[in-house]
Every structure is written in structure tokens, then in C-alpha cells.
Amino acid sequence: MKFGVFSMNSDEGLDPLELAREAEGLGLESAFVPDHSHVPVTRSIRFGAGNEQTVNIAERKDLSEGFEEAGSDMPRDFYRNREQFVTLTAMAAVTSTLRIGTGICLVVQRDPIWLAKQVATLDRLSNGRLIFGVGIGSPWNHEEIRNHGVEYRKRVSVMAERMEAMRRIWTHEKAEYHGKYVDFDPIYSWPKPVQQPAPPVFVGGDGPTVLDRVLAFGDGWMPGHHADPGLFKARVTELRERAAAAGRAHVEVTVFLAQLDSLDDYQEAGVDRVVVMLPTGVERKFLKDVADAMYSSS
């Protein structure tokens, strides 16, 4: 298995350039950062609702300090994270082998023509090291999605069209797309990605229809850690059986927010990559822990 790390990319934590250099120096394969443009001051659904089957990203106790008006339930890191693509570009610039990843990119909150250019540019500048993790947004994230002009109930359809439109841009000299939510006449857009036809797309999520999205526009699946290893293994098996029936090659599985005490379960399920969270403020300690686990398992 390949080993990566995930940072919430808070401006109160370890500088991401230092993190990238140290992760590469330790021999880790990849580093991921999240994508949240803002946090609405008021929200109708508590943080984490709908994600009960996977590990909670919030293990910090200082959830509400300074943000009591927003409900006191969301980790402080969500309020303080840097922009995703700017950060990843800087991380790529100070490394040479470390793969950089979006964990995940909220495609439904980004213009697809601009996003296609950002992804292709980053893949070029990193010499083909980008892993493009994508997602539709969590059940508790209604207001952030709506503030970007997308109705929460339509986000799956919006994402599907945006992913298809971006792939057209990456693979055609003159690209056009005409859908219900994305519509543009022929355009030129460069650069094209180093990785062809596109950087590997890993679809995040654990819902009942996520495997459909993986098979529709993904190269791999990026679920969170599951408390039930048997259920998780069954879903991995289902994904790969469906992919084989469709004539697809091996579909990679990356466990996001992986737990180091579950490595045997991941290996038994056929996982290709684990990505471990680095809690803000103690990133260096956890970087070493992940590296130690990687070398112990090899």
C-alpha cells in the first residue's frame, strides 16, 4: 500500500511548504488538502450529520472558540483553511516526487471551465503528480453549496456534467459541451494535463450511490475509514466486480482519514493507498508516526 497524509491546511498549523518537504523527506507518497471556500455563519444541519458510517474528521476539542455564533459544532480548522489549488501549487514547487492531491475538490462549487484549467495547469507544473479527488459535498454542507449557486438536491447531476465537460476540455483541442447545467460552444483551453487523458480522478464519499459515480467518471474510489471492515471489504469487492463486468481495468481504492491500527483490514480489503490525517498543531509527530507505520508494513 501507498501511504499519504492529509492536512486541514489551517493557517494556525504547520506551514504547508514545510509539511510537503518533510513528507517527501520521510518517503511518503502523497499529501492532500481540503476545499472549503467559506463557512456560513448560520447552518441548518449540524456538522457531521449524514457521515455517521465514517470516521469523524473532527477530533479537536476547540470546536467553537471564536465562532460561537456559528453553532459551536464545526472544527476550528474549517474556518481557517487556505485555498486548495494555491496551496498545492506551492507544495509542488518545493518537492519533486511527492504526489499532491485534492482531498476532496468540491466540483459543485467551482466553475468547470476555470477548474479544468486549474487542474491541467497544476498537473503541468507538478510534472504529472496531481491526484484529483472530487466530491459532491457532505449532507451538512447545504449552505456553502447554495452560496455558490447550486441547489443541494441537484448537486449529483451538476457534478456529473461538470466532470464530463472538464474531460472534454482536457482531451479535445476544441471542446464543447451542451447539458442542462453546463453549456458552452466550442472553446480552446490550454494547457492539457501531463497525465493523459486526465489526472487520476478519485471519487470521494460513502453513500449508497457513490460506486455509480466512481464507475461513471472516476478512476478510483476514496471512501473514509469504515468502522465495519467486513462491510467495507464487501463494497470494494462490489466495485471491482462491477468494473470488471464493464471491461474496466483495476479500480484503485484510497482510504481517506485512515487509521493506522486498521492497516491489516485495509490490506485484506485490497486497498491501494491510505491517507492519514495530521491533526493541526502536531503535524510533525503524526508525520513520523505515518512514516514509521509505512516502513513497518513494508
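In case you missed it, the structure is sitting above this.
Residues numbered from 1 in each chain as written. Predicted model: local features only at pLDDT ≥ 70, side-chain atom pairs only at ≥ 80, totals over all residues. Heavy atoms only, no water.

Colleague: How would you sum up the sheet that holds strand E3 (residues 99-106)? Please name residues and give values.
Modeller: Pairing in this closed barrel of eight strands is parallel, and the strands run E1-E2-E3-E4-E7-E8-E9-E10 around the ring. Each neighbouring strand pair of the sheet contributes to a mean axis angle of 25 degrees, computed without reference to strand direction. Sheet analysis places strand E1 (residues 2-7) next to strand E2 (residues 30-33), joined by three bridges and oriented parallel. Within E2, the residue paired with Gly4 across the bridge is Ser30. On top of the sheet, helix H7 (residues 210-217) reaches strand E4 (130-135), strand E7 (201-204) and strand E8 (220-222); it is set at about 165 degrees to E7, its chief contact. Against the sheet, helix H10 (residues 283-297) touches E1 and strand E10 (273-278), its axis set at about 165 degrees to E1. (Pairing = 2+ DSSP bridges. Helix = DSSP H or I, 4+ residues; strand = E, 2+ residues; numbered from the N terminus. Axes fitted to C-alpha atoms, helices over the stretch in contact; angles between N-to-C directions. Contact = heavy atoms within 4.5 Å.)

Colleague: Give me the environment of Gly270: which residues, what numbers.
Modeller: If you trace the backbone, Gly270 turns up in the loop between helix H9 (263-269) and E10. Of the residues examined, Gly270 reaches a relative accessible area of 27% and is grouped as partly exposed. Through-space distance from the C-alpha of Gly270 to that of Arg43 is 38 Å; in sequence the pair is 227 residues apart. (Buried < 20%, exposed > 50% of the residue type's maximum accessible area, 1.4 Å probe, protein only.)

Colleague: For the pattern of salt bridges, give the residues involved together with the corresponding values.
Modeller: Inspection of every chain in the model, using the stated rule, returns 19 salt bridges. Arg80 serves as the salt-bridge partner of Glu12, at 3.3 Å between the closest nitrogen and oxygen. With a gap of 68 residues between them, Glu12 in the loop between E1 and helix H1 (16-25) and Arg80 in helix H2 (residues 76-80) connect regions that are remote in the sequence. By relative accessible area, which is 36% here, Glu12 ends up partly exposed. Across the pair Glu151 and Arg153 runs a salt bridge whose closest N-O atoms are separated by 3.9 Å. With relative accessibility at 42%, the residue Glu151 sits in the partly exposed group. (Salt bridge = Lys/Arg side-chain N within 4 Å of Asp/Glu carboxyl O.)

Colleague: Report on the packing of aromatic side chains, specifying residues and quantitative values.
Modeller: The full count for this structure, using the stated rule, is eight aromatic pairs. Members of the aromatic cluster, each reached through a chain of ring pairs, are Phe6, Phe32 and Phe256. (Phe/Tyr/Trp six-rings, centres within 6.5 Å; stacked < 30°, edge-to-face > 60°.)

Colleague: Quick one: what's the story with helix H3 (residues 84-93), residue by residue and with numbers?
Modeller: Taken as a whole, H3 has its buried residues at Gln84, Phe85, Thr87, Leu88, Met91 and Ala92. Viewed along the axis of H3, the buried residues span an arc of 155 degrees, placing them on a single side of the element. Exposed and facing more than 90 degrees away from the buried side of H3 are Val86 and Ala93. Elements in contact with the buried residues of H3: H1, E2, E3, helix H4 (112-125) and E4. Measuring from the backbone nitrogen of Phe85 back to the side-chain oxygen at the start of H3 gives 2.8 Å, which picks out Glu83 as the cap. (Arc of directions from axis to C-beta. Polar contact = N/O pair within 3.5 Å; in protein donor to acceptor, adjacent residues only side chain to side chain.)

Colleague: Break down unusual backbone geometry for me, citing the residues and quoting the values.
Modeller: Along the chain, Trp190 connects to Pro191 via a cis peptide bond; the corresponding omega equals 5 degrees. Take Pro191: it is sitting in the loop between strand E6 (183-187) and E7. Its identity as a non-glycine residue notwithstanding, Asn9 has a phi of 60 degrees, on the positive side. Mapping Asn9 onto the fold places it in the loop between E1 and H1. On the basis of relative accessible area, Asn9 is assigned to the buried category, the value being 2%. Of note, Asn127 is a non-glycine position whose phi angle comes to about 60 degrees, a positive value. Examined against the element boundaries, Asn127 turns out to sit in the loop between H4 and E4.

Colleague: I'd like to hear about the side chain of Thr95, residue by residue, with values.
Modeller: Secondary-structure assignment places Thr95 in the loop between H3 and E3. At 2.8 Å, the side chain of Thr95 forms a polar contact with the side chain of Arg129. In contact with Thr95, not counting residues within four places along its chain, are Ala20, Arg21, Glu24 and Arg129.

Colleague: Residues and numbers for the environment of Leu125, please.
Modeller: Here Leu125 lies in helix H4. Considered as a pair, Leu125 and Ala92 are 33 residues apart in the sequence and their alpha carbons are 7.5 Å apart.

Colleague: Break down the nonpolar core for me, with residues and values.
Modeller: Soluble, globular proteins show a tendency: their nonpolar side chains are buried together. Counting 69 residues, the largest nonpolar core has Leu28, Val107, Phe132, Val134, Met163 and Trp221 as its most contacted members. Broken down by element, this core gets its largest block of residues, seven residues, from helix H6 (residues 155-171). In this view, Leu28 contacts Phe3, Val5, Ala23, Leu98, Leu287, Val290, Ala291 and Met294; residues no more than four positions away in its chain are not counted. (Core = buried A, V, L, I, M, F, W, Y, C linked by side-chain atoms within 4.5 Å.)

Everything listed here is a matter of coordinates, which is why it stays silent on function.
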